[in-house]
Amino acid sequence: MSVQKEVKIHPYLYNNEWKSSDTGNTVQIISPDDGSVVGEVPAMSQDEVNRAVDKTADVQENWAATDGHERSGLLHKWAEELEKMTDEIGEMIHLEVGKTLSASKSEVKRTAQLIRHTAEEGLRTHGSFIQGDAFPGASKQTKAMVQKVPHGVVLAISPFNYPVNLAASKIAPALITGNTVVFKPATQGAISGLLMIKALVNAGLPEGVVNVVTGRGSVIGDLIVTHPKVNMITFTGGTATGQHIAKKASMIPVVLELGGKDPAIVLEDADLDKAAKEIVSGSLSYSGQRCTAIKRVMVIDKVADELVEKIKANIAKLKVGKSTEDVDITPMIDQKSADYVISLIDDAVEKGATIVTKGIVDGNLLGPTLLDNVTEDMRIAWEEQFGPVLPIMRVSNELEAIDLEKRNEYGLQASIFTKNLEGAFIIADRLDVGTVQVNGKTSRGPDHFPFLGVKNSGQGVQGIGRSIDSMLRDKVLVLNL
Ligand code: NAP
Ligand code: G3H
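Residues numbered from 1 in each chain as written. Chains lettered and ligands numbered in written order. Predicted model: local features only at pLDDT ≥ 70, side-chain atom pairs only at ≥ 80, totals over all residues. Heavy atoms only, no water.

Novice: Can you lay out the overall build of the protein for me, pointing to particular residues and giving the numbers?
Specialist: Regarding its fold elements, the protein presents 15 helices and 24 strands. The globule rule puts the C-alpha radius of gyration for 481 residues at 23 Å, and the 24 Å found for the protein is close to it. Dimensions of the protein along its principal axes, counting C-alpha atoms only, are 80 × 70 × 35 Å. For the protein, buried positions account for 54% of its 481 residues. (Helix = DSSP H or I, 4+ residues; strand = E, 2+ residues; numbered from the N terminus. Rg over C-alpha atoms; globule rule 2.2 N^0.38 Å. Buried < 20%, exposed > 50% of the residue type's maximum accessible area, 1.4 Å probe, protein only.)

Written as structure tokens, this is what we have:
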């Protein structure tokens, strides 16, 4: 007799109460590993969403009136509570988004560190004082006090691939600066997000300061983004969704961290062993489902054969399997994403790319594929694969690489591998990206570094200090003495 596993509905948080939707509607979260239902979250109705935003707005003034050190204390406590829940939350990240258990637990620990750093850094925000006499006609007696004040209600929308870290990296800076928060987690990852908020409630979150809205972004997204009581939006996710949000939201600040097509540029004098190692971990960790993954390699012809061999050897060491196993490459988030990656590989092969390593295809589990001789007419040269396939583009010199990168619609990060640091600086100056990594893979951390994308990779800047800045606006008080 088969035993039916009970599927749990995970309630949303409203005014520190855990609630189900009055409609009884839910959204299922499907395991990327085996297609089973991990759990359900409420599909909140329009009324419930509106009520959540209203409550968040009602308590904002009181929250902003608390002392900074109190808010900092709450964040420190949150980090503590989060760490206590590392196993529980790690297990849920693993089930919901198909990361290995150890990677999932690392995400929780990284998040606790990020919250602590935010709690410290947030205490150091300050305004400025300006005297009038620098401008003709004004006197020393005219003085401006420029204060830093919160926006009000911040809407934080997070993606599936870091359901805890990329949510807390928005919520913590919003709270420390006196904003209240409406948190919309990605559906895939929503339970992990709710558990993270449970840690915040355990830490002593005052009522109404954070409210969570659950449901499909395609259904409730426009409602929250255009809600008149939302004063600022901070979003991480796909470029199409980000652009949609930017068009919908009007007259409020919007910070967007979006997709990427990060190149690794490998020059003739590079340490090829190091480059190959960095490129493989940079492109294929979490099966390439990272905005900052290396998504195309541009290598100088002369060293291309050698580099490709070394990359191939590193890829051969990777283990492929379910996220329950101790592996490097796990199933993609869903079948649609896997089908997309396969379509990019097929297109490239049809147009003449060479398959150096052929990845297995087992439903949404794709082994790593290494493609050589990728050319500009192939979709994979330009489109964000967000999966375990690495295209190699051979170039005759660095100017060709710079030109290719200049035509990239994305501009998140780029890596340059070379022993000539001066040369690396010159190339870096010419790349339209948020960050250039020299002799290292593209990646977001350390989390207090500024993190940003240009072109279709985003607007505004994150990273602990800059995220805090983004949560504040100037308010000027002029003394006319
Ligand atoms: P996504 O599909 O754009 O979803 C991101 C978030 O937006 C989810 O919470 C989603 O909710 C929500 N959403 C969907 N439609 C919406 C709408 N109309 N209005 C408001 N919210 C809406 O992205 P994803 O699949 O989670 O993540 C993959 C993409 O994110 C990749 O392109 C990747 O490069 C990018 N990414 C970028 C960064 C970065 O820092 N630059 C970091 C991580 C990921 P539902 O889940 O309910 O649909
Ligand atoms: O997916 C986008 C994340 O911001 C990447 O973070 O470089 O630490 O993996 P990461």
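Novice: I'd like a description of the site of ligand 2, backed by residues and values.
Specialist: Looking at ligand 2, the residues that line it are Arg110, Asn161, Tyr162, Arg290, Cys291, Thr292, Ser443, Arg444 and Phe451. Contact distances for ligand 2 include 2.9 Å between an oxygen atom and a side-chain N or O atom of arginine 110. Coverage of ligand 2 by the protein amounts to 96% of the 300 Å² it exposes when considered alone. For the shell around ligand 2, the class distribution of residues is three nonpolar, three polar and three charged. (Near = heavy atom within 4 Å. Polar contact = N/O pair within 3.5 Å; in protein donor to acceptor, adjacent residues only side chain to side chain. Areas by Shrake-Rupley, 256 points an atom, 1.4 Å probe, with all protein chains shown as cover. Nonpolar A, V, L, I, M, F, W, Y, C, P; charged D, E, K, R; others polar.)

Novice: Can you tell me about unusual backbone geometry, naming the residues and giving the values?
Specialist: The peptide bond linking glycine 445 to proline 446 adopts the cis configuration, its omega dihedral lying at -10°. When you line up the elements, proline 446 lands in the loop between strand 21 (435-438) and strand 22 (454-455). Of note, the phi angle at methionine 251 is positive, near 65°, even though the residue is not glycine. Note that methionine 251 resides in the loop between helix 9 (239-248) and strand 11 (254-257). Under the relative-accessibility criterion, methionine 251 is labelled exposed at 83%. For asparagine 439, which is not glycine, the phi torsion reads 60° and is therefore positive. Turning to its location among the elements, asparagine 439 is positioned in the loop between strand 21 and strand 22.

Novice: I'd like a description of the site of ligand 1, backed by residues and values.
Specialist: In the vicinity of ligand 1 lie 30 residues, with Ser158, Thr187, Thr241, Leu258 and Glu384 positioned nearest. Within the side chain of threonine 241, an N or O atom sits 2.6 Å from an oxygen atom of ligand 1. For ligand 1, whose accessible area on its own is 900 Å², the fraction buried by protein is 85%. Of all the secondary-structure elements, those providing two or more residues to the shell around ligand 1 are helix 8 (217-225), strand 10 (232-236) and helix 9. By residue number, the principal contributor to the shell around ligand 1 is helix 8, which donates four residues. Residue classes in the shell around ligand 1 are distributed as 12 nonpolar, 13 polar and five charged.

Novice: Just give me the short version of the sheet that holds strand 17 (residues 369-372), but keep the residues and values in it.
Specialist: With mixed pairing, the seven strands of this open sheet are ordered in space as 14-17-18-13-12-20-21. What marks the edges here is a single partner per strand, and that holds for strand 14 (354-357) and strand 21. Each neighbouring strand pair of the sheet contributes to a mean axis angle of 25°, computed without reference to strand direction. Here strand 13 (residues 294-300) runs beside strand 18 (residues 389-395); their pairing, made up of four bridges, is parallel. Bridge pairing links methionine 298 to methionine 393 in strand 18. (Pairing = 2+ DSSP bridges. Axes fitted to C-alpha atoms, helices over the stretch in contact; angles between N-to-C directions.)

Novice: Which residues make up helix 11 (residues 301-316), and what are the values?
Specialist: For an α-helix, the turn length of 3.6 residues means that residues three or four places apart are oriented alike. Taking 1.5 Å per residue as the helical rise, helix 11 with its 16 residues ought to reach 22 Å, and the 23 Å between its terminal C-alpha atoms agrees with that figure. In the core, the buried residues of helix 11 are packed alongside strand 12 (262-266), helix 10 (272-284), strand 13, strand 14, strand 17 and strand 18. (Expected span 1.5 Å × (residues − 1). Contact = heavy atoms within 4.5 Å.)

Novice: I'd like a description of the sheet that holds strand 8 (residues 180-184), backed by residues and values.
Specialist: Hydrogen bonds along the backbone pair up the strands of a sheet, which may run parallel or antiparallel. Taken together, six strands build an open sheet; the order of strands is 9-8-7-10-11-23 and the sheet is mixed. A single partner strand is all that each edge strand has here, and the edge strands are strand 9 (210-212) and strand 23 (458-459). The pairing of strand 11 with strand 23 spans two bridges and is antiparallel. By the bridge assignment, glutamate 257 is partnered in strand 23 with glycine 458. Where helix 1 (residues 46-58) meets the sheet, its contacts fall on strand 7 (153-157), strand 8 and strand 9, and the angle it forms with strand 8 comes to roughly 155°. Helix 7 (residues 190-202) contacts strand 8 and strand 9 of the sheet and is inclined by roughly 155° relative to strand 9.

Novice: For the UniProt feature "active site" (unreviewed entry) in the protein, give the residues involved together with the corresponding values.
Specialist: Residues annotated by UniProt as "active site" (unreviewed entry) correspond here to Glu257. Glutamate 257 sits in the buried class, given a relative accessible area of 4%. In contact with glutamate 257, not counting residues within four places along its chain, are Phe235, Thr236, Gly237, Leu412, Phe451, Leu452, Gly453, Ser457, Gly460, Val461 and Gln462. (UniProt positions renumbered as here; feature names shortened; annotations may be inferred.)

Novice: I'd like to hear about the nonpolar core, residue by residue, with values.
Specialist: Residues Trp78, Ile171, Leu175, Met196, Ile197 and Val210 are the most contacted members of the largest nonpolar core, which totals 57 residues. By residue number, the principal contributor to this core is helix 7, which donates eight residues. For methionine 196, the residues in contact, after removing those within four places along its chain, are Trp78, Leu82, Ile89, Val164, Ala167, Ala168, Ile171 and Phe183. Membership of the second largest hydrophobic core comes to 53 residues, among which are Ile311, Ala338, Leu390 and Ala401. (Core = buried A, V, L, I, M, F, W, Y, C linked by side-chain atoms within 4.5 Å.)

Novice: Can you lay out the side chain of asparagine 161 for me, pointing to particular residues and giving the numbers?
Specialist: With respect to the secondary-structure elements, asparagine 161 resides in the loop between strand 7 and helix 6 (165-176). Only 3.0 Å separates the side chain of asparagine 161 from the backbone oxygen of glutamine 289, close enough to count as a polar contact. When neighbours within four sequence positions are excluded, asparagine 161 is seen to be in contact with Lys99, Glu107, Leu166, Tyr286, Gln289, Arg290, Cys291 and Phe386.

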